[in-house]
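Structural characterization, general
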Amino acid sequence: MSTAVTAPSKISVKALKKSFGSNEVLKGINAEVAEGEVVCVIGPSGSGKSTFLRCLNKLEDVTAGHVTVDGFDVTDPKVDINEVRRHIGMVFQHFNLFPHMSVIENIMLAPVESKKQGTAEARATALKLLQRVGLAEKADARPASLSGGQKQRVAIARALAMNPDIMLFDEATSALDPEMVGEVLQVIKDLAGEGMTMVLVTHEMGFAREVADRVLFMADGVICEEGRPEEIFGNPRQQRTQDFLSKVL
Amino acid sequence: MPRIQQTGAARPRTVAVIGALLALAAMFFGAAGAAGAAAPPAAALPAAAAQAGAAPSSLSGKTFVIGTDTTFAPFEFRDAGGELTGIDMDIIRQIAKSQGFAVEIKSLGFNAALQALSSNQVDGVIAGMSITEPRKQIYDFSDPYFESGVQMAVAKSNTEIKGYQDLRGKTVTAKTGSEGETFAKSIADQYGFAVKPLDQSATMYELVKSGNAVAVFDDYPVLAYGISQNNGLKSVTEKEKGGSYGFAVNKGRNPELLKAFNTGLAEMKSNGQYQAILDKYLKDPAKAAQSSFWDLLASSFPALLKGLGNTVLVTAISFAVAMVIGLSMGFLKISTNVLPRGIATTYVSVFRGTPLLVWAFFFYFGIPQLTGQPIDIWVAGVLTLSLNSGAYITEIVRGSIQSVDPGQLEASRSLGLGYAKSMQKVVVPQAFKIMTPSLINQLIIMLKDSSLLLVIGFAELLYQGQQIYAGNFRITETLLIVAVLYFVVIMLLTKLANVADKRFNK
Ligand SMILES: Nc1ncnc2c1ncn2[C@@H]1O[C@H](COP(=O)(O)OP(=O)(O)O)[C@@H](O)[C@H]1O
Ligand SMILES: [Mg+2]
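Attention here is on the structure that accompanies the text. (Residues numbered from 1 in each chain as written. Chains lettered and ligands numbered in written order. Predicted model: local features only at pLDDT ≥ 70, side-chain atom pairs only at ≥ 80, totals over all residues. Heavy atoms only, no water.)

So, the overall build of chain A
- Within chain A, the secondary structure is distributed over 9 helices and 10 strands.
- By residue count, 55% of the 249 residues in chain A fall in the buried class.
- Considering only intrachain contacts with a sequence separation of at least 6, the fraction spanning at least 24 residues in chain A is 65%.
- About 10600 Å² of surface is accessible on chain A, with carbon and sulfur atoms providing 48% of the total. (Helix = DSSP H or I, 4+ residues; strand = E, 2+ residues; numbered from the N terminus. Buried < 20%, exposed > 50% of the residue type's maximum accessible area, 1.4 Å probe, protein only. Contact = heavy atoms within 4.5 Å. Areas by Shrake-Rupley, 256 points an atom, 1.4 Å probe, with all protein chains shown as cover.)

So this is what it looks like as structure tokens:
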């Protein structure tokens, strides 16, 4: 996977700034993510990790700078953002499954409504995805009847249903009971193994170390340090990175 | 009765109210028309000239719409079966028959009937109305068909009060704006009593029976009829000399109708039919013995059920319209754009900030005077209820949509669904679930509020109840039946709505 550095760039972020009112949350971010690369973003709470991730699929409008994803200029006001988003899957900390739909309806919604697939085809795809995350028998269950780990696996299957090129994970395991973290990380690891381009905001340092090609350490709205996991975790150069790691490790 | 005094005092008051309403309207519809519409309504529509020269014979086959009061027994009231009856009704129907025209009676209420006459919603009014100078300025009157006068009555068991001189320090009642009130007030100082005016004969009699007033001053025929119906009162004085009642048409309009009325009346007087009608209501009262509660229930039930049907229907239609308004306005309200949000906010504050009754009057009486076009009472009723309720539903919709976890919209958007699709498939279904209990609540409030439409003469349940007790003076029992009917329907509705909620909002 380290060969990915030479692959063409899937995500390109240049001088990205984001403010909420007068509060500047992102203060000039530059980052490249190559095809098939797995990038983990770590950093203290409130440093802007989620905001950074949400700028990639325009859940937040950027204040300044450029974001290019999968060949689309996300910051161009004329871009068809719905089309861009169909190339980017996103998984949220709190799953955000649709409670009024069954598991399989959750997964089928986007393919059917975007007319990408007919109902029968979408159902077949959805069942395959559920098998992949080990939840085929829950197809007709309501989200409320699932455990946290199962919900997050359904959410991943839902994001995969549009067959995205890129997956974004925002603290996908933070809301889970410890015994369920493993099952979700395993699904993510499998995706990485299949060569999916991914950006993960995570607090699971062990997992980041194991799965990441590159780690970004964010603090106060900037990328403070970045490098291969063994560099960041084994030999951090910045004082702030050291302080942060000494607290969480 | 709001009969003599009315023209002097109440009419300008009504005009002022309508003027105020129109000013309110002008705020919404632009300033145009407000000044013009506040002018005397009698000046409307010059069409009368075309009919002016017509001979009475040309009336045959024609139908005239006649406005009348709702609760002025024995002149007009509903019999136990809900049919309009009374001296006025018998006279106008008899004259129509003998003069060869047809009448469509609209039981609107006294003030409403006069409003309707001014705005040419009706062709004539017969409503036990005294012929007075101020009224003659606005309407053309027939020859008098009844000589009235004020009389005093006390509770049957009262042996203390035998004349005006026994009223010192006591309270009496009389109908607001009526000849009775004028007379009572004119002697109040001399005999040292206070006057508490009320709106309806039936409620005045209850006040006297309950002891909250010792005596009532009312028109002799009304009182005589009530006493003959066992209303629990007795008269203790002779009637004072009073006014004459006449049939009215709008000034300059329908002269042939007026002529036919006079001809018909003269015929009736000479052939004895007229006296027979008076005797029927004043001398030979239908029945002296009070029927049982169950008889009352059985006889009033058909009329009440008809009212209930109207209540349910107008509520159902209005609620459907209110839902459309509320959903649209609710969405405007959460828009990020100032203009749609401003429209929705203005709408909500206007209709939440003004009483339902004002709009009922405005739509039914104000709009026709603005446009010159009569408005159907169902349209006015539905507009009133739905615009009022729509304001509340707007807020319910807005609140419910905003209380759906924003993560739901984000998840849907992140999947590449557009805003509208995401709202439709993800947010609104969840918002519906949240809003259902509030909507059921709103529906029940509307069902009860629909009773307010009785002020414009809409024949809903409570209105039908009033019609019945205005004829038989059994207020408490009639209202009890009405209340039970509302209660039962609302119980059923609540059950039904909850079942539907469980079914569709799993
Ligand atoms: N929608 C928003 N409106 C205003 N401030 C926000 C919003 N979202 C995030 N912020 C602020 O931006 C900063 C960074 O937030 P976030 O990106 O969520 O940090 P992290 O994910 O690293 O914990 C925080 O101070 C947060 O309060
Ligand atoms: Mg975060």
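Now, onward.
Observations concerning the nonpolar core
Residues and elements named next belong to chain B.
- Grouped together as the largest cluster of nonpolar side chains are 59 residues, with contacts concentrated most on Val 125, Tyr 347, Tyr 364 and Ile 456.
- At the level of secondary structure, the elements contributing two or more residues to this core comprise helix H5 (110-118), strand S6 (139-141), helix H12 (293-333), helix H13 (338-352), helix H14 (356-371), helix H15 (377-402) and helix H17 (419-449).
- At 10 residues, the largest contribution of residues to this core is made by H15. (Core = buried A, V, L, I, M, F, W, Y, C linked by side-chain atoms within 4.5 Å.)

Re the side chain of A:Asp213
- For A:Asp213, the location among the structural elements is in the loop between helix H7 (205-211) and strand S9 (214-219).
- Buried charge A:Asp213 goes without a salt bridge, the closest partner of opposite sign being A:Arg228 at 7.2 Å. (Lys, Arg positive; Asp, Glu negative; His and termini not counted. Salt bridge = Lys/Arg side-chain N within 4 Å of Asp/Glu carboxyl O.)

Quick word on the sheet that holds strand S5 (residues 72-73) of chain A
Residues and elements named next belong to chain A.
- The antiparallel open sheet is built from 4 strands, whose spatial order is S2-S1-S4-S5. Edge positions in the open sheet fall to strand S2 (23-34) and S5, since each of these has one partner strand only.
- Judged from the 5 bridges that link them, strand S1 (residues 9-20) and strand S4 (residues 64-69) form a sheet pairing that is antiparallel. Directly across from Ser 12, in S4, lies its bridge partner Thr 68. (Pairing = 2+ DSSP bridges.)

Some words on the interface of chain A and chain B
- Listed by partner, the interface residues are 24 residues for chain A and 18 residues for chain B.
- Contact between chain A and chain B buries roughly 1700 Å² in total, counting both sides, with carbon and sulfur atoms accounting for 58%.
- Counting every contact that joins chain A to chain B gives 3 salt bridges.
- Where A:Glu113 meets B:Lys425, a salt bridge forms, and the shortest distance between an N and an O atom there is 3.4 Å.
- Viewed at the interface, chain B and chain A are joined by 9 residue pairs in polar contact (both at pLDDT 80 or more).
- Residues that form the side of chain A that touches chain B fall into these classes: 13 nonpolar, 5 polar and 6 charged. (Buried area = accessible area lost by both parts, 1.4 Å probe. Polar contact = N/O pair within 3.5 Å; in protein donor to acceptor, adjacent residues only side chain to side chain. Nonpolar A, V, L, I, M, F, W, Y, C, P; charged D, E, K, R; others polar.)

Focus: the packing of H13(B) against H15(B)
Residue and element names in this part refer to chain B.
- Running from N to C, H13 and H15 cross one another at 125°; their axes reach a closest spacing of 9 Å. In terms of orientation, H13 lies oblique with respect to H15. You can see that H13 and H15 cross each other, and the crossing is left-handed. When H13 is examined against H15, the residues Tyr 347, Val 348, Phe 351 and Arg 352 are found in contact with a partner set consisting of Ser 386, Leu 387, Asn 388, Gly 390, Ala 391, Tyr 392, Thr 394 and Glu 395.
- In terms of residue class, the contact of H13 with H15 is built from 6 nonpolar, 4 polar and 2 charged. (Axes fitted to C-alpha atoms, helices over the stretch in contact; angles between N-to-C directions. Parallel < 35°, antiparallel > 145°, perpendicular 65-115°, else oblique. Left-handed = near helix turned anticlockwise from the far one by under 90°.)

With respect to the pattern of salt bridges
- Taken as a whole and assessed by the stated rule, the structure comprises 24 salt bridges over all chains.
- The salt bridge partner of A:Asp70 is A:Lys10, with a shortest N-O separation of 2.5 Å. Taken together, the residues span a long stretch of sequence, with A:Asp70 in the loop between S4 and S5 and A:Lys10 in strand S1 at a distance of 60 residues. A:Lys10 matches A:Asp70 in its accessibility class, with the two residues each being buried.
- Among the salt bridges present, the one from B:Glu206 reaches B:Lys209, with a minimum N-O distance of 3.3 Å.

Some points on the site of ligand 1
Residues and elements named next belong to chain A.
- Taken together, Phe 20, Val 25, Pro 44, Ser 45, Gly 46, Ser 47, Gly 48, Lys 49, Ser 50 and Thr 51 make up the full set of residues adjacent to ligand 1.
- In this structure, Ser 47 approaches ligand 1 through a main-chain N or O atom, which is 3.2 Å from an oxygen atom.
- Per-element accounting of the shell around ligand 1 gives the leading share, 3 residues, to helix H1 (residues 49-56).
- Looking at the shell around ligand 1 residue by residue, the classes come out as 3 nonpolar, 6 polar and 1 charged. (Near = heavy atom within 4 Å.)

Points about helix H4 (residues 87-99) of chain B
Residues and elements named next belong to chain B.
- The terminal C-alpha atoms of H4 lie 18 Å apart, and with 13 residues this matches the ideal 18 Å at 1.5 Å per residue to within 8%.
- The element H4 is extensively covered by neighbouring structure, given that 10 of its 13 residues are classed as buried.
- Directly beyond the C-terminal end of H4, a positive phi value near 75° is found at Gly 100. (Expected span 1.5 Å × (residues − 1).)

What about H13(B)?
All names here are of chain B.
- Taking 1.5 Å as the rise per residue, H13 with 15 residues should run 21 Å; its terminal C-alpha atoms sit 20 Å apart, in good agreement.
- For H13, the full list of buried residues reads Pro 340, Ala 344, Tyr 347, Val 348, Val 350 and Phe 351.
- For H13, the side-chain oxygen to backbone nitrogen distance between the N-cap and Leu 339 is 3.2 Å, and the N-cap itself is Asn 337.

Structural notes on the packing of aromatic side chains
- Across all of its chains, the model carries 25 aromatic pairs over all chains by this definition.
- Judged by centre distance (5.1 Å) and plane angle (65°), the ring pair of B:Phe75 and B:Tyr245 falls under edge-to-face. Placement of the pair is B:Phe75 in the loop between strand S1 (63-68) and strand S2 (77-78) and B:Tyr245 in strand S13 (residues 244-245), with a sequence separation of 170 residues.
- B:Phe75 sits in the buried class, given a relative accessible area of 0%.
- Looking at B:Tyr245, the relative accessible area reads 0%, which means it is buried.
- An aromatic cluster is built from B:Tyr164, B:Phe183, B:Tyr191, B:Phe193 and B:Phe217, whose rings are joined through pairwise contacts.
- Over the ring of A:Phe20 we find A:Lys18; its NZ or CZ atom is 4.9 Å from the centre of that ring.
- The side chain of A:Arg158 reaches across the aromatic face of A:Phe98, ending 4.4 Å from its centre. (Phe/Tyr/Trp six-rings, centres within 6.5 Å; stacked < 30°, edge-to-face > 60°. Lys NZ or Arg CZ within 6 Å of the ring centre and 35° of its normal.)

Thoughts on the pairing of strand S3 (residues 38-42) of chain A
Residue and element names in this part refer to chain A.
- Among the 5 residues of S3, 5 are classified as buried, and the element is accordingly described as predominantly covered.
- Along S3, one buried face is formed by Val 38, Cys 40 and Ile 42 and the opposite face, lined by Val 39 and Val 41, is buried too.
- Here S3 runs beside strand S8 (residues 197-201); their pairing, made up of 4 bridges, is parallel. Within S8, the position partnered with Val 41 by the bridge is Val 201.

Points about the pairing of strand S10 (residues 222-227) of chain A
Residue and element names in this part refer to chain A.
- Pairing of S9 with S10 involves 5 bridges; the strand directions are antiparallel. For Ala 219, the partnering residue across the bridge sits in S10 and is Val 222.
- Two successive antiparallel strands, S9 and S10, enclose a turn made up of 2 residues, where Asp 220 displays a positive phi of approximately 50°.

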